[in-house]
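Coordinates in review
Each chain is listed here by its residues.
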Amino acid sequence: MTESSTIAERRFTRSDILLLTKARLSLLVIVTTIFGYLLAVKSTGSAIGWWGLIHTVIGSAFAAAAASVFNQLMEIDIDARMARTADRPLPAKKIKPAVAFIIGWIFAACGIVHLGVKVDPRASAFAATTLFIYMFIYTPMKRRSGFNTIIGAISGALPPLIGWTAAGGEILKVEPWFLFGLLFLWQLPHFVAINWMYRKEYEDAGFMMWSNGDESGSRTSFLGVFFSILLILLLMTPLLFTFVKTWAVIAMILASGVMLKYAVVFSKSRLRQDARRLFLYTLIFLPVALILSFLGWNSQN
């Protein structure tokens, strides 16, 4: 064994695999999938199928990891230009692209097949759709249009539907699409804030984001306010369909009102620190909204 190969092996660590699969982002996919599963079970008032949930988590984890691997394979050149991503395993040459490609396909096959065989074909179909949108529409679109954020938010909002169908929930109902809308609209103020915080890096790297060319910040900050208002309107819908208790709906609306407040402050100042406060609050809002939804969810029995 040569000295160079020994050095290469030392560079390939468990931490590199976690970065390649974006473990924290994959964890978000798993958590929202679990919530979709549990809320579908709660809707029918049936007992939780623990083995079904475990198989759903396994399949979703593989699919999420695969999406992250392929995303980084397609963005090696851009990641190498940005300080915040230059140390990822592929641009840092700690993992060879051919190895990452094989890992990605193994994870994708394991995730989709596992969900189809062990859980529900509909769950497998939603996982495959998530992968397809993320890999073949969202990732290439990041170089072409700021509307990539909308497409990425669609992909990021599908995991609750994986969980919902995995638990046997009916897809042609309001409830699963409320969950989809919650994840979809939550992501938009979240990413608007990130756009502004790292706008120079994104522009220099060649990403087309909403913040590109927005020197004053008027467009970017307006979008933060606009999407926060849409989120509040969405959270009012359970009042019409009564699948979430009134107290939980009111609590979620109040929580989203705080997000709107941070978005308005950012729209007035257009400062990075106010964009960061909006970003940090979005990280608090999502688990709060999911927990409130679960606690206030009504059984249809």
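As shown above, the structure is provided for reference.
Here we summarise the structure given alongside this text. (Residues numbered from 1 in each chain as written. Predicted model: local features only at pLDDT ≥ 70, side-chain atom pairs only at ≥ 80, totals over all residues. Heavy atoms only, no water.)

Residues Phe101, Ile102, Trp105 and Ile106 make up a contiguous nonpolar surface patch of about 420 Å² in total accessible area. Its location among the elements puts Trp105 in helix H6 (residues 97-119). (Patch = residues over 30% accessible without salt bridge, like charges linked within 9 Å, V, L, I, M, F, W, Y side chains within 5 Å. Areas by Shrake-Rupley, 256 points an atom, 1.4 Å probe, with all protein chains shown as cover. Salt bridge = Lys/Arg side-chain N within 4 Å of Asp/Glu carboxyl O. Helix = DSSP H or I, 4+ residues; strand = E, 2+ residues; numbered from the N terminus.)

Turning next to the packing of helix H4 (residues 50-74) against helix H7 (residues 121-141). Two measures define how a pair of helices packs: the angle their axes make with one another and the distance between the axes. The interhelical angle for the contact between H4 and H7, taken along N-to-C directions, is 15 degrees, at an axis separation of 10 Å. Our classification of the angle between H4 and H7 gives roughly parallel. At the point where H4 passes H7, the crossing takes the right-handed sense. Touching Ala63, Ala66, Ala67, Phe70, Asn71 and Met74 of H4 are Ala127, Leu131, Tyr134, Met135, Thr139 and Pro140, all from H7. Residue composition of the contact of H4 with H7, by class: 10 nonpolar, two polar and no charged. (Axes fitted to C-alpha atoms, helices over the stretch in contact; angles between N-to-C directions. Parallel < 35°, antiparallel > 145°, perpendicular 65-115°, else oblique. Left-handed = near helix turned anticlockwise from the far one by under 90°. Contact = heavy atoms within 4.5 Å. Nonpolar A, V, L, I, M, F, W, Y, C, P; charged D, E, K, R; others polar.)

A word on unusual backbone geometry. One non-glycine residue with positive phi stands out, namely Thr242, at about 55 degrees. Tracing the chain through its elements places Thr242 in the loop between helix H13 (237-241) and helix H14 (246-269). Phi is positive for Arg270, which is not a glycine, with a value near 55 degrees. For Arg270, the location among the structural elements is in the loop between H14 and helix H15 (272-296). A residue is classified by how much of its surface remains accessible, and Arg270, at 31% relative accessible area, is partly exposed. (Buried < 20%, exposed > 50% of the residue type's maximum accessible area, 1.4 Å probe, protein only.)

Position of Met208 relative to the elements: it lies in the loop between helix H11 (199-205) and helix H12 (218-235). By relative accessible area, Met208 is classed as partly exposed at 34%. Along the primary structure Met208 and Ser145 are separated by 63 residues, whereas in three dimensions their C-alpha atoms are 5.2 Å apart. With near-sequence residues (within four places) excluded, Met208 lies in contact with Lys142, Arg143, Arg144, Ser145, Gly146 and Asn148.

The N-to-C vectors of helix H3 (residues 23-44) and helix H9 (residues 159-166) enclose an angle of 40 degrees; their axes lie 7 Å apart at closest approach. On the basis of the axis angle, H3 is oblique to H9. Between H3 and H9 the crossing geometry is right-handed. Residues Val29, Thr32, Thr33, Gly36, Tyr37, Leu39, Ala40 and Ser43 of H3 pack against Pro159, Pro160, Ile162, Gly163, Trp164 and Ala166 of H9. For the contact of H3 with H9, the per-class residue count stands at nine nonpolar, five polar and no charged.

Here we take up the environment of Pro97. For Pro97, the position within the fold is in helix H6. Residues Pro97 and Ala63, 34 residues apart in the sequence, show an inter-C-alpha distance of 19 Å. Apart from residues no more than four positions distant in its own chain, Pro97 is found in contact with Leu73, Ile76 and Leu90.

Okay, the packing of aromatic side chains next. Given two aromatic rings, their pairing is described by the distance between the two centres and the angle made by the two planes. A full pass over the atoms with the stated rule returns 19 aromatic pairs. With centroids separated by 5.1 Å and ring planes inclined at 65 degrees, the aromatic side chains of Phe70 and Trp105 adopt a geometry described as edge-to-face. Residue Phe70 is located in helix H4, and its partner Trp105 is located in helix H6; the two are separated by 35 residues in the primary sequence. Take Trp105: its relative accessible area is 45%, and that puts it in the partly exposed class. One aromatic cluster in this structure is built from Phe147, Trp210, Phe222, Phe226 and Phe227. The ring of Phe294 has Lys42 lying over it, and the distance from NZ or CZ to the ring centre is 4.4 Å. The positively charged end of Lys261 is found above the aromatic ring belonging to Tyr262, 4.7 Å away from the centroid. (Phe/Tyr/Trp six-rings, centres within 6.5 Å; stacked < 30°, edge-to-face > 60°. Lys NZ or Arg CZ within 6 Å of the ring centre and 35° of its normal.)

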